[in-house]
Amino acid sequence: MSIDILAVVWISAAVVFGIAEAITMGLTTIWFAGGAVAAAVSAMFTDSILIQVIVFIAVSSALLAVTRPLVKKHLNNRTEKTNIEALAGMAAVAVSDIDPVSGGEVKADGKVWRASCDVFVPEGEIVKVEDVKGVTLIISREGD
């Protein structure tokens, strides 16, 4: 193969990696696209496929190691619990007796919710929301 054809092959690989990144948007193939561009540049100076592959691997690895932590840091990957998920860990007040068989109701975050507990909880007792199953709060007694 001539140098020009190898460069075209590497540029084609970069385009494929770029398209894959655009489709997935998972920050997984963009570094390989950069490595392929670097390998294409090296193909213009040498016809050694071994050197081109080494350049591809080295540049891809360097881009991955250096830029991925920076990109991840600046992406908004902090998710904030919303709606019912935010209730876990909150305190609630039993607005009815809650027994292990039929459950009951609690008031949490200003709203009345169906509640379930593995022990009897009298009306008026402060409880802790442990989990959420559907629209039912799984609670525990504060002292337990």
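The structure under discussion appears in the preceding block.
Keep in mind the model is a prediction, meaning the values are calculated, not measured.

Rules behind the numbers
Residues numbered from 1 in each chain as written. Predicted model: local features only at pLDDT ≥ 70, side-chain atom pairs only at ≥ 80, totals over all residues. Heavy atoms only, no water. Helix = DSSP H or I, 4+ residues; strand = E, 2+ residues; numbered from the N terminus. Buried < 20%, exposed > 50% of the residue type's maximum accessible area, 1.4 Å probe, protein only. Contact = heavy atoms within 4.5 Å. Areas by Shrake-Rupley, 256 points an atom, 1.4 Å probe, with all protein chains shown as cover. Core = buried A, V, L, I, M, F, W, Y, C linked by side-chain atoms within 4.5 Å. Pairing = 2+ DSSP bridges. Expected span 1.5 Å × (residues − 1). Salt bridge = Lys/Arg side-chain N within 4 Å of Asp/Glu carboxyl O. Axes fitted to C-alpha atoms, helices over the stretch in contact; angles between N-to-C directions.

1. Description of the overall build of the protein chain
Now for step 1: What the protein chain contains, in helices and strands, is three helices and five strands.
Now for step 2: Taken across its 144 residues, the protein chain has 27% of its residues classed as buried.
Now for step 3: Contacts spanning at least 24 positions in sequence make up 42% of the contacts within the protein chain whose residues lie at least 6 apart.
Now for step 4: Counting only carbon and sulfur atoms, one obtains 65% of the accessible surface of the protein chain, whose full area is about 9,200 Å².

2. Structural notes on the nonpolar core
Now for step 1: In terms of nonpolar packing, the biggest core is built from 15 residues, with I98, V106, V121, L137 and I139 touching the most fellow members.
Now for step 2: Every element with two or more residues in this core is listed here: β1 (91-94), β2 (104-108), β3 (111-116), β4 (126-133) and β5 (136-141).
Now for step 3: No other element matches the three residues that β4 contributes to this core.

3. Thoughts on the pairing of β1
Now for step 1: The two faces of β1 differ: A92 and A94 on one face are buried, but A91 and V93 on the other face are not.
Now for step 2: Two elements, β1 and β4, share three bridges in a ladder whose sense is antiparallel. Within the sheet, the bridge partner assigned to A91 lies in β4 and is K128.

4. Remarks on helix α2 (residues 30-43)
Now for step 1: Its 14 residues give α2 an end-to-end C-alpha distance of 20 Å, which sits within 8% of 20 Å, the value for a rise of 1.5 Å per residue.
Now for step 2: Within α2 the residues assigned to the buried category are W31, A33, G35, A36, A38, A39, A40, S42 and A43.

5. Points about the pattern of salt bridges
Pairing is possible between side chains of opposite charge, provided their charged atoms come close.
Now for step 1: Inspection of the entire model under this criterion finds two salt bridges.
Now for step 2: Here E125 ties to R141 by a salt bridge, and the two come within 2.9 Å at their closest N and O atoms. Here E125 is found in the loop between β3 and β4, whereas its partner R141 is found in strand β5, with 16 residues between them in sequence.
Now for step 3: Assessed through its relative accessible area of 18%, E125 is described here as buried.
Now for step 4: On the accessibility criterion, R141 (28% relative accessible area) is partly exposed.

6. A short note on the sheet that holds β3
Now for step 1: In spatial order, the strands read β1-β2-β3-β5-β4; together these five strands close into a barrel with mixed pairing. Mean inter-strand twist for the sheet, computed between neighbouring axes without regard to direction, equals 55°.

7. Some details on the environment of I139
Now for step 1: Position of I139 relative to the elements: it lies in strand β5.
Now for step 2: What makes I139 buried here is its relative accessible area of 4%.
Now for step 3: As a C-alpha pair, I139 and C117 span 22 residues in sequence and 5.4 Å in three-dimensional space.
Now for step 4: In this structure I139 touches I98, V106, A115, S116, C117, V121, V127, K128, V129 and E130, once residues within four positions along its chain are discounted.

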